[in-house]
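This is what each chain is made of:
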Amino acid sequence: GKNEGRDRFIVYDDSLHSDKREQLIVGSLRRAMTDFKEFALVYQPKIALATGKVDQAEVLIRWNHPKFGFISPAEFIPLAEKYSLIHRLTEWVLKETVAQMEIWKKEDYFIRQVSVNLSAMHFRSESHNMMIKEIVHHSLKNGSELQLQLEITETSVMENLDRAMTMLGELKQLSLTIALDDFGTGLSSLTHLKHLPIDILKIDKSFIDEVPHDERGTAITEMIIQLAKSLGIEVVAEGVETLEQHLFLKRLGCDYGQGYYYSRPMHVKDLNQQAIEETVLNVG
Ligand code: C2E
Ligand code: CA
Ligand code: CA
Ligand code: CA
């Protein structure tokens, strides 16, 4: 019909456009990665649902391109992976994060744990693991009580299970904790999950979006929370946007909530512990 034709046209048009766009972005990315001045890190708090306290955050990268404005990491991270730029990008994120944690440590700041996203490429290269170990080893020498967590996706682990097991084991020895991100979207078997050195599961936003009204997403969310409990690990709901979702997840015994309902990802100077905790305090 009429709509079909229009859709096909849009897809065709987009793919032409996206090839040019890809080259533009990759060129810009290489340039921006010479001094990293166009990049910034933002922090999104995670709320402990039982107490309403916030002392953890996920770090997310932002890129403000001088001509195109903000380009989403959902667009440029996959390109950084494709063009072998991800290693240096991750290195920058980790170093910046560790430096920020050192400042927070001196200030006795309210954030005690920060998680950094690792690309799916991580488990394909031994040098990625070396780089992380070096940065973390260096920062731990100064005896930081602040905890660093790594977020890895289910798919990246399952692609290279044996290697991932070894690498995760090594990282855990440096007292890092590991979160399994976007959980439920990949294909990890429960047997594998039992043997992986994982500290936390993050329920993917696509399921949380359906809580509590859509049966499927709600049932999967409940199942993941139960699964985490039976494995003795903690669980985070990502993408919590409403009071209703917050109350429902809290009632199910989900350990942490993260999402726009509590706070958007923020620059350090805008993080406000009290404001976030009050959002939760007033509703229970
Ligand atoms: P992710 O790790 O699953 O991060 C969660 C994404 O959901 C973030 O998008 C966050 O801003 C967004 N988000 C959080 N709460 C809500 C909510 O309530 N509603 C909605 N609609 N969105 C919410 P962001 O920052 O655009 O990042 C997208 C993806 O890019 C991340 O997904 C992650 O895979 C990747 N990424 C971001 N920063 C980094 C980084 O430093 N390194 C690597 N390797 N990947 C990164
Ligand atoms: Ca993440
Ligand atoms: Ca996620
Ligand atoms: Ca995601």
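Here is what the cut-offs are and how they apply
- Residues numbered from 1 in each chain as written.
- Chains lettered and ligands numbered in written order.
- Predicted model: local features only at pLDDT ≥ 70, side-chain atom pairs only at ≥ 80, totals over all residues.
- Heavy atoms only, no water.
- Near = heavy atom within 4 Å.
- Polar contact = N/O pair within 3.5 Å; in protein donor to acceptor, adjacent residues only side chain to side chain.
- Areas by Shrake-Rupley, 256 points an atom, 1.4 Å probe, with all protein chains shown as cover.
- Helix = DSSP H or I, 4+ residues; strand = E, 2+ residues; numbered from the N terminus.
- Expected span 1.5 Å × (residues − 1).
- Buried < 20%, exposed > 50% of the residue type's maximum accessible area, 1.4 Å probe, protein only.
- Phe/Tyr/Trp six-rings, centres within 6.5 Å; stacked < 30°, edge-to-face > 60°.
- Lys NZ or Arg CZ within 6 Å of the ring centre and 35° of its normal.
- pLDDT = per-residue confidence, 0-100.
- Contact = heavy atoms within 4.5 Å.
- Donors = N, O, S within 2.8 Å, 3.2 Å for Na, K, Ca; no water.

A. Representation of the site of ligand 1 within the structure. Close to ligand 1 lie 22 residues, the nearest being Q44, R62, N117, E241 and Y260. Interatomic distance of 3.1 Å between a side-chain N/O atom of D181 and an oxygen atom of ligand 1. A distance of 2.8 Å separates an oxygen atom of ligand 1 from a polar atom in the backbone of Y260. Contact with the protein chains covers 81% of the free accessible surface of ligand 1, which is 800 Å². Mapped by element, the contributors of at least two residues to the shell around ligand 1 are β2 (54-65), α2 (73-82) and β6 (177-183).

B. Summary view of helix α3 (residues 86-107). Taking 1.5 Å per residue, 22 residues should reach 32 Å; α3 reaches 31 Å between its end C-alpha atoms and fits that length. Listed as buried for α3 are I86, L89, T90, W92, V93, L94, T97, V98, Q100, M101, E102 and W104. Directly after α3, the chain includes D108, whose backbone phi takes a positive value near 55 degrees.

C. The arrangement of the packing of aromatic side chains in detail. Within this structure, the stated rule accounts for 10 aromatic pairs. Look at Y109 and F110: their rings are 4.7 Å apart centre to centre, the planes differ by 40 degrees, and that puts the pair in the tilted class. Judged by relative accessible area, F110 falls into the buried class, the value being 13%. An aromatic cluster is defined as three or more aromatic residues linked by ring pairs; in this entry it consists of F36, F39, W63, F76 and W92. Of note, R264 hangs over the ring of Y260, and the distance from its end group to the ring centre comes to 3.8 Å.

D. Representation of the confidence of the model for the protein within the structure. Scored by pLDDT, the protein comes out at a mean of 90, with 91% of its residues at no less than 70. Low pLDDT (under 50) marks residues 1-13, which in the prediction has zero contacts with non-local residues, meaning those over four places away or in another chain. Two numbers describe this predicted complex: its pTM, 0.93, and its ipTM, 0.98.

E. Just the coordination of the calcium ion (ligand 3), in detail. At this site the calcium ion (ligand 3) is bound by D181 (OD), D182 (OD), E238 (OE) and E238 (OE), with donor distances of 2.1 to 2.8 Å. Going along the chain, you hit the donors of the calcium ion (ligand 3) in the pattern D-D-x55-E. Between the calcium ion (ligand 3) and the calcium ion (ligand 2), the interatomic distance is 3.8 Å, and D181 donates to each metal, bridging them. Taken together, the residues span a long stretch of sequence, with D182 in strand β6 and E238 in strand β8 (residues 234-238) at a distance of 56 residues.

F. Quick peek at the side chain of N129. Considering the arrangement of structural elements, one finds N129 in helix α4 (residues 126-140). Residues in contact with N129, not counting those within four places in the same chain, are H122, M167, E170 and L171.

G. Up close: the side chain of H246. Topologically, H246 is positioned in helix α10 (residues 243-252). Once residues lying within four places of it in the same chain are set aside, the contact partners of H246 are L49, V240, Y261, Y262, V280, V283 and G284.

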